[in-house]
Amino acid sequence: MTKYIRPLRPDHEFVVWFWDLVLNDFDDVQRRKLLAFTTGSDRAPITGLEDVEFILGFEGEDEEKLPTAHTCFNQLLFPVYKTKEKLATKLKQAIENCEGFGMV
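Scoring rules and cut-offs
Residues numbered from 1 in each chain as written. Predicted model: local features only at pLDDT ≥ 70, side-chain atom pairs only at ≥ 80, totals over all residues. Heavy atoms only, no water. Helix = DSSP H or I, 4+ residues; strand = E, 2+ residues; numbered from the N terminus. Rg over C-alpha atoms; globule rule 2.2 N^0.38 Å. Contact = heavy atoms within 4.5 Å. Lys, Arg positive; Asp, Glu negative; His and termini not counted. Charge placed at Lys NZ, Arg CZ, Asp CG, Glu CD. Core = buried A, V, L, I, M, F, W, Y, C linked by side-chain atoms within 4.5 Å. Buried < 20%, exposed > 50% of the residue type's maximum accessible area, 1.4 Å probe, protein only. Pairing = 2+ DSSP bridges. Axes fitted to C-alpha atoms, helices over the stretch in contact; angles between N-to-C directions. Expected span 1.5 Å × (residues − 1). Arc of directions from axis to C-beta.

Requested: an account of the overall build of the chain, with residues and values cited.
Scanning the chain from N- to C-terminus turns up three helices and four strands. At 13 Å, the chain has a C-alpha radius of gyration in line with the 13 Å of a compact globule built from 104 residues. Projected onto the principal axes, the alpha-carbon positions of the chain cover approximately 40 × 25 × 25 Å. Considering only contacts within the chain whose residues lie at least 6 apart along the sequence, 52% involve residues at least 24 apart. For the chain, the centre of its 13 positive side-chain charges and the centre of its 18 negative side-chain charges are spaced 1 Å apart.

Encoded structure:
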């Protein structure tokens, strides 16, 4: 389940870009990295992703900043990117270059 922080909503252009990118452009490895970046785990819970509350929101105006995540809340926050291409570039950069605590 996805929740949106205002002004985002399911039909907001940014949300449409995000889901199009994740569902159509990302491969399974990138989706797992996004899940890990957002939730702290690259695996769905045994009960399925429908039991994960996923939160998307905006935070700031600087398009050069990367998205940030609050893994305790499954919250993914983005600067207000003005193009889908900028969103794709920055989100891929964030998920490819994040590193957790390195716990095994």
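Could you give an account of the nonpolar core, with specific residues and numbers?
Counting residues in each nonpolar core, the largest one holds 20 residues, and the members touching the most others are Phe 18, Leu 34, Leu 76, Phe 78, Leu 87 and Leu 91. Looking at this core, the elements that each hand over two or more residues are helix H1 (13-25), helix H2 (28-39), strand S2 (54-58), strand S4 (75-78) and helix H3 (84-96). Residues within four places of Leu 87 in sequence aside, it is in contact with Phe 14, Trp 17, Phe 18, Leu 21, Phe 78 and Tyr 81.

So what's going on with the sheet that holds S4? Which residues, and what values?
Pairing is mixed across the open sheet formed by four strands, whose spatial order is S1-S2-S4-S3. Of all the strands in the sheet, just strand S1 (2-4) and strand S3 (68-70) have a single pairing partner and so form its edges. Shown here is a sheet whose adjacent strand axes are inclined to one another by a mean of 20°, direction ignored. Bridging between S3 and S4 involves three bridges; their strand directions are antiparallel. The residue bridging Ala 69 from the neighbouring strand is Leu 76, located in S4.

Tell me about the environment of Val 22, and please be specific about residues and values.
Mapped onto the fold, Val 22 is located in helix H1. Judged by its relative accessible area of 6%, Val 22 is buried. Between the C-alpha atom of Val 22 and that of Lys 65, which follows or precedes it by 43 residues, the distance is 19 Å.

Lay out H1 with the relevant residues and their values.
Because each turn of an α-helix spans 3.6 residues, side chains separated by three or four positions end up pointing in the same direction. Over its 13 residues, H1 runs 17 Å from end to end, which matches the ideal 18 Å to within 8%, given 1.5 Å per residue. Where H1 is concerned, the buried positions are Phe 14, Val 15, Trp 17, Phe 18, Leu 21 and Val 22. Buried residues in H1, looked at end-on, bunch into an arc of 160°, giving them a common side. With respect to the buried face of H1, the exposed residues turned more than 90 degrees away are Glu 13, Leu 23 and Asn 24. Against S1, H2, S2, S4 and H3 lie the buried residues of H1.

The analysis is restricted to geometry; functional conclusions fall outside its scope.
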